[in-house]
Structure formats: C-alpha cells, structure tokens
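Secondary and tertiary structure notes
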Amino acid sequence: SRAIRKCVTAGFFFNVAKLAHGGGYRTLRKDIPVTPSAASVFTTHGGLMNTEYIIYGETRDGARGGIELTAVSTVEAQWLRELAPHYWE
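So, the overall build of the protein chain
When helices and strands are counted, the protein chain shows four helices and seven strands. When the helices and strands of the protein chain are placed in sequence order, the string is α-β-β-β-α-β-β-β-β-α-α. By residue count, 31% of the 89 residues in the protein chain fall in the buried class. Counting only contacts in the protein chain whose residues sit at least 6 apart along the sequence, the fraction spanning at least 24 positions is 55%. With the model as given, the accessible surface of the protein chain reaches about 5,700 Å², and the carbon-plus-sulfur share is 55%.

The structure is reproduced here in structure tokens:
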C-alpha cells in the first residue's frame, strides 16, 4: 500500500534511484548506474520503466555486469522532500 511504501522510503532513503535521461536509473547518493533485476515483478510487468523514482532493498552484481537492484518498489517524488528536507538544502 501507499503508507507502507512511504515508511520504507523513510528507512531506506539512501536506496533511492532516479530515472536518467537515457532511460536507465542512477542512484541519488553517488550517481551510480543501476538496473532493476530482470526477475523483479515490476520489471516483468513493466511497472518501473517510466517511474521517476524507485527504491530498492539491496544490490548485487548483475549477470551482464553492472549493478542489479532487488526488492524494488516505486516512490513518489514528493515523499523524498517531505522525509529528508535536509538532503535537498
């Protein structure tokens, strides 16, 4: 639900990635390119491909190189400013 995702966002704020201009995702904290795991339910159902922000539970080495994200969910942009205003100042 929306409330649960907002709570997870509060706890995992630094595990947020933003959709980049090229179509991939990059972490907010260090601007590292990342890819949601191909096994992710969001990837298999096409739910993430146009989402501006996502949150992930962990990272792992990708099968084709790079970093894959697991336990991925969507995040609303307004939550990021509400939950961590100090980050944006």
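Observations concerning the pattern of salt bridges
Per the counting criterion, the structure on display carries five salt bridges. The closest approach of N and O atoms between arginine 2 and glutamate 76, which form a salt bridge, is 2.8 Å. Of this pair, arginine 2 sits in helix H1 (residues 2-11) while glutamate 76 sits in the loop between strand S7 (73-75) and helix H3 (77-83); the two residues are 74 residues apart in sequence, bridging distant segments of the chain. The exposure class assigned to glutamate 76 is partly exposed, which follows from its relative accessible area of 25%.

Some details on the packing of aromatic side chains
Going through the model one piece at a time under the given rule, you end up with one aromatic pair. An angle of 75° between the planes, with centres 5.4 Å apart, marks the rings of phenylalanine 13 and phenylalanine 14 as edge-to-face. On the accessibility criterion, phenylalanine 13 (8% relative accessible area) is buried. Taking NZ or CZ as reference, arginine 29 lies 4.3 Å from the ring centre of phenylalanine 14, over its face.

Concerning a nonpolar patch on the surface
A cluster of nonpolar side chains, Ile4, Val8 and Phe12, forms an exposed patch at the surface whose accessible area comes to about 270 Å². As for its position among the elements, phenylalanine 12 is in the loop between H1 and strand S1 (16-19).

A closer look at the sheet that holds strand S6 (residues 67-70)
With respect to topology, seven strands assemble into an open sheet ordered S5-S6-S3-S2-S1-S4-S7, the strand pairing being mixed. The open sheet is flanked by strand S5 (58-61) and S7, the only strands paired with a single partner. Direction aside, neighbouring strands of the sheet carry axes that sit 40° apart on average. Judged from the two bridges that link them, strand S3 (residues 33-36) and S6 form a sheet pairing that is parallel. Within S6, the residue paired with proline 36 across the bridge is leucine 69. Strands strand S4 (53-55) and S7 of the sheet are contacted by H1, whose axis makes an angle of about 80° with S7.

What counts, and where the lines are drawn
- Residues numbered from 1 in each chain as written.
- Predicted model: local features only at pLDDT ≥ 70, side-chain atom pairs only at ≥ 80, totals over all residues.
- Heavy atoms only, no water.
- Helix = DSSP H or I, 4+ residues; strand = E, 2+ residues; numbered from the N terminus.
- Buried < 20%, exposed > 50% of the residue type's maximum accessible area, 1.4 Å probe, protein only.
- Contact = heavy atoms within 4.5 Å.
- Areas by Shrake-Rupley, 256 points an atom, 1.4 Å probe, with all protein chains shown as cover.
- Salt bridge = Lys/Arg side-chain N within 4 Å of Asp/Glu carboxyl O.
- Phe/Tyr/Trp six-rings, centres within 6.5 Å; stacked < 30°, edge-to-face > 60°.
- Lys NZ or Arg CZ within 6 Å of the ring centre and 35° of its normal.
- Patch = residues over 30% accessible without salt bridge, like charges linked within 9 Å, V, L, I, M, F, W, Y side chains within 5 Å.
- Pairing = 2+ DSSP bridges.
- Axes fitted to C-alpha atoms, helices over the stretch in contact; angles between N-to-C directions.

So far we have only geometry, and geometry alone does not tell us how the molecule works.
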